[in-house]
Amino acid sequence: MELSGAGHLDPLLYPWEPPVASGVMDGEEFRPLGLSAGLDEVLAQASAAPLEARSLVVSIGSNSSADVMRRKFASYHQPVSAVLPLVRGQLHNIAVGHSAHVSKAGYIAAAPYPLLGECTAVWLSWLDDVQLMALDATEPNYRRIQLDGEACPLTADHGERPEEFSLFTSRWGVLTDGDGGKLPFLDQPALFGLLAGSGTGDLLEEGKSVFDGPPELVAEQLAIPSVQAWARDWFSSAGLTAPVDFDGS
């Protein structure tokens, strides 16, 4: 979701690149899964906690990037293992849009919402206890909820269908088109352009939309805390925010 305290990455390239194949992050290396080696075997070779001692989190947005996860773990206040399985999967009845807030780094992060019949490509990560605490600490604008595989079927790249898993959902809701339709997930320049055309996103002292102009300058403005607070309030007052309800979770 967010990149908090994890070093600099170009906000216009959010959510950055996921691995090219399912595998295990091991420090600065990434080990793709072979035809014969399973996750537990790779974890054992790395002297890391086995799957049964880990929590499954479905990653949407930047948490699918091994580089982002390395940075998040490195920024935590205690040592964190840099060994993490990342496996491609398909999640049903969940769609992805944008959280109705601006991150500290100046981008508008991804956020899931329920949508019957939708199938979304996701990444599955199994975290040990300390990794999970480190990840939670980077997500102040999200809450991690538990979902079950019956209501939201999840299929891993290697065919496993987990019975339960967790997912980060935005505390601020998701962005809409102003008429009740939730915006699809877009790259940052496209999203900025869409918001600039909404007509009411003006900063009074400048008289023009904060989202209008070269994307690099927009992202630079959005990295200012006062602009982030303004944008969050404007999303709500302009009718561009929809709450998200995962069965009352």
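Please refer to the structure placed before this passage.
Below or above, wherever it landed, is the structure these notes cover. (Residues numbered from 1 in each chain as written. Predicted model: local features only at pLDDT ≥ 70, side-chain atom pairs only at ≥ 80, totals over all residues. Heavy atoms only, no water.)

## Quick word on helix 4 (residues 188-196)
Okay, step 1: Considered for burial, the residues of helix 4 that qualify are Gln188, Leu191, Phe192 and Leu195. Seen from one end, helix 4 has its buried residues packed into an arc of 100°, which puts them on one side.
Okay, step 2: Contacts from the buried residues of helix 4 go to strand 4 (83-98), strand 11 (208-209), helix 5 (215-222) and helix 6 (225-237).
Okay, step 3: Put simply, Asp187 is the residue that caps the front of helix 4, since its side-chain oxygen is 2.8 Å from the backbone nitrogen of Ala190. (Buried < 20%, exposed > 50% of the residue type's maximum accessible area, 1.4 Å probe, protein only. Helix = DSSP H or I, 4+ residues; strand = E, 2+ residues; numbered from the N terminus. Arc of directions from axis to C-beta. Contact = heavy atoms within 4.5 Å. Polar contact = N/O pair within 3.5 Å; in protein donor to acceptor, adjacent residues only side chain to side chain.)

## Brief notes about the pairing of strand 8 (residues 164-170)
Okay, step 1: Counting buried residues in strand 8 gives six out of seven residues, a clear majority hidden from the surface.
Okay, step 2: Pairing analysis gives two bridges linking strand 3 (residues 55-59) to strand 8, with the strands arranged parallel. Paired with Val57 across the bridge in strand 8 is Ser166.
Okay, step 3: When strand 6 (residues 142-148) meets strand 8, the two strands line up antiparallel, connected through seven bridges. Residue pairing for strand 8: Arg143 is matched across the bridge by Thr169. (Pairing = 2+ DSSP bridges.)

## Some remarks on a negative patch on the surface
Okay, step 1: A cluster of acidic side chains, namely Asp148, Glu150, Glu163, Glu164, Asp245 and Asp247, defines a negative patch on the protein surface.
Okay, step 2: With respect to the secondary-structure elements, Asp247 resides in the segment after strand 12 (241-242).
Okay, step 3: Here Asp247 falls in the exposed class, since its relative accessible area comes to 76%. (Patch = residues over 30% accessible without salt bridge, like charges linked within 9 Å, V, L, I, M, F, W, Y side chains within 5 Å. Areas by Shrake-Rupley, 256 points an atom, 1.4 Å probe, with all protein chains shown as cover. Salt bridge = Lys/Arg side-chain N within 4 Å of Asp/Glu carboxyl O. Lys, Arg positive; Asp, Glu negative; His and termini not counted. Charge placed at Lys NZ, Arg CZ, Asp CG, Glu CD.)

## Comments concerning unusual backbone geometry
Backbone geometry follows two general trends: most residues other than glycine have a negative phi, and most peptide bonds adopt the trans configuration.
Okay, step 1: In this structure, the amide linkage connecting Tyr14 to the following residue, Pro15, adopts the cis form with an omega of 10°.
Okay, step 2: Note that Pro15 resides in the segment before strand 1 (23-26).
Okay, step 3: Here the phi dihedral of Ser47 falls at roughly 55°; this positive angle occurs in a residue that is not glycine.
Okay, step 4: Of note, Ser47 is situated in the loop between helix 1 (39-45) and strand 3.
Okay, step 5: Looking at Ser47, the relative accessible area reads 71%, which means it is exposed.

## Re the side chain of Gln228
Okay, step 1: Relative to the helices and strands, Gln228 resides in helix 6.
Okay, step 2: Taking the relative accessible area as the measure of exposure, Gln228 reaches 10% and is therefore buried.
Okay, step 3: With residues near it in sequence (within four places) discarded, Gln228 still touches Val102, Ser103, Lys104, Leu222 and Ala223.

## Notes on the packing of aromatic side chains
Okay, step 1: Following the criterion strictly, the structure yields 10 aromatic pairs and no others.
Okay, step 2: Between Trp16 and Tyr107 the ring centres are 5.5 Å apart and the planes differ by 90°, which places this aromatic pair in the edge-to-face class. Placement of Trp16 in the segment before strand 1 and of Tyr107 in the loop between strand 4 and strand 5 (110-127) is noted, with a sequence separation of 91 residues between them.
Okay, step 3: Assessed through its relative accessible area of 13%, Trp16 is described here as buried.
Okay, step 4: Here the aromatic residues Phe192, Phe211, Trp230, Trp234 and Phe235 are joined through ring pairs into a cluster of three or more.
Okay, step 5: For Lys182, the ring lying beneath its charged end belongs to Tyr113, and the centroid distance is 5.4 Å.
Okay, step 6: Above the ring of Trp172, the side-chain terminus of Arg232 is found at 4.5 Å from the ring centroid. (Phe/Tyr/Trp six-rings, centres within 6.5 Å; stacked < 30°, edge-to-face > 60°. Lys NZ or Arg CZ within 6 Å of the ring centre and 35° of its normal.)

These results come straight from atomic positions and should not be treated as a statement about function.
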